[in-house]
Amino acid sequence: FAASRYNGFDEPTQVPMLLLSGLGDRLVDPSCSTEIHKRFAWPISRHPWAGHDLPWDDAAWVIERISDWERKKHPGAT
C-alpha cells in the first residue's frame, strides 16, 4: 500500500546510484527502473531473466554489476 502512494523525489540524490532491474520481475514492472534511469541519468543494469529479488535469483550477477560500477567510479583502485 505504501509503495503505491510513493511519489519519489524531484531532484537526484547526491549519493551515487546504480539501478539493478530484473526483466523477469512480476512484482514491479521493469519499466519503472527504466523511467528512473531516464529521469536521473543513473546507470542501469538489466538482468535478462531474474525477478524482483535479484540477489536471491542471481547473486553472482549482482556482485559483478556492483563491482564493475565501483571500478568505473574509482579507476585504478584495488
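Residues numbered from 1 in each chain as written. Predicted model: local features only at pLDDT ≥ 70, side-chain atom pairs only at ≥ 80, totals over all residues. Heavy atoms only, no water.

Caption draft 1: Spatial organisation of helix H3 (residues 54-73). Under the 1.5 Å per step criterion, the end-to-end length of H3 is only 22 Å for 20 residues, more than 12% shorter than the ideal 28 Å. If you look at H3, its biggest bend is around 70 degrees, right at Ala60. Within H3, the full set of buried residues consists of Leu54, Asp58, Trp61, Val62, Arg65 and Trp69. Residues of H3 that are buried in the fold lie against strand S1 (19-22) and strand S2 (44-47). (Helix = DSSP H or I, 4+ residues; strand = E, 2+ residues; numbered from the N terminus. Expected span 1.5 Å × (residues − 1). Bend = angle between axes of the 7 residues up to and from the residue. Buried < 20%, exposed > 50% of the residue type's maximum accessible area, 1.4 Å probe, protein only. Contact = heavy atoms within 4.5 Å.)

Caption draft 2: Quick look at the pairing of S1. Both S1 and S2 contribute to a ladder of four bridges, which runs parallel. Residue pairing in the sheet places Gly22 in a bridge with His47 of S2. What joins S1 to S2 is helix H2 (residues 31-40), and the crossover it makes is right-handed. (Pairing = 2+ DSSP bridges. Right-handed = clockwise from strand over helix to strand, strands pointing away.)

Caption draft 3: Highlighting the packing of aromatic side chains. A full pass over the atoms with the stated rule returns one aromatic pair. Their ring planes at 25 degrees and their centres at 4.8 Å tell us that Phe40 and Trp42 sit as a pair that is stacked. Residue Phe40 shares its accessibility class with Trp42, and that shared class is buried. Across the ring face of Trp69, the terminal group of Lys73 is positioned such that the distance to the ring centre comes to 4.2 Å. (Phe/Tyr/Trp six-rings, centres within 6.5 Å; stacked < 30°, edge-to-face > 60°. Lys NZ or Arg CZ within 6 Å of the ring centre and 35° of its normal.)

Caption draft 4: Layout of the side chain of Ser21. For Ser21, the position within the fold is in strand S1. Take Ser21: its relative accessible area is 4%, and that puts it in the buried class. Filtering out sequence-adjacent residues up to four positions away, Ser21 remains in contact with Pro30, Ser33, Ser45, Arg46, His47, Leu54 and Trp61.

Purely spatial values, then, with no claim about function.
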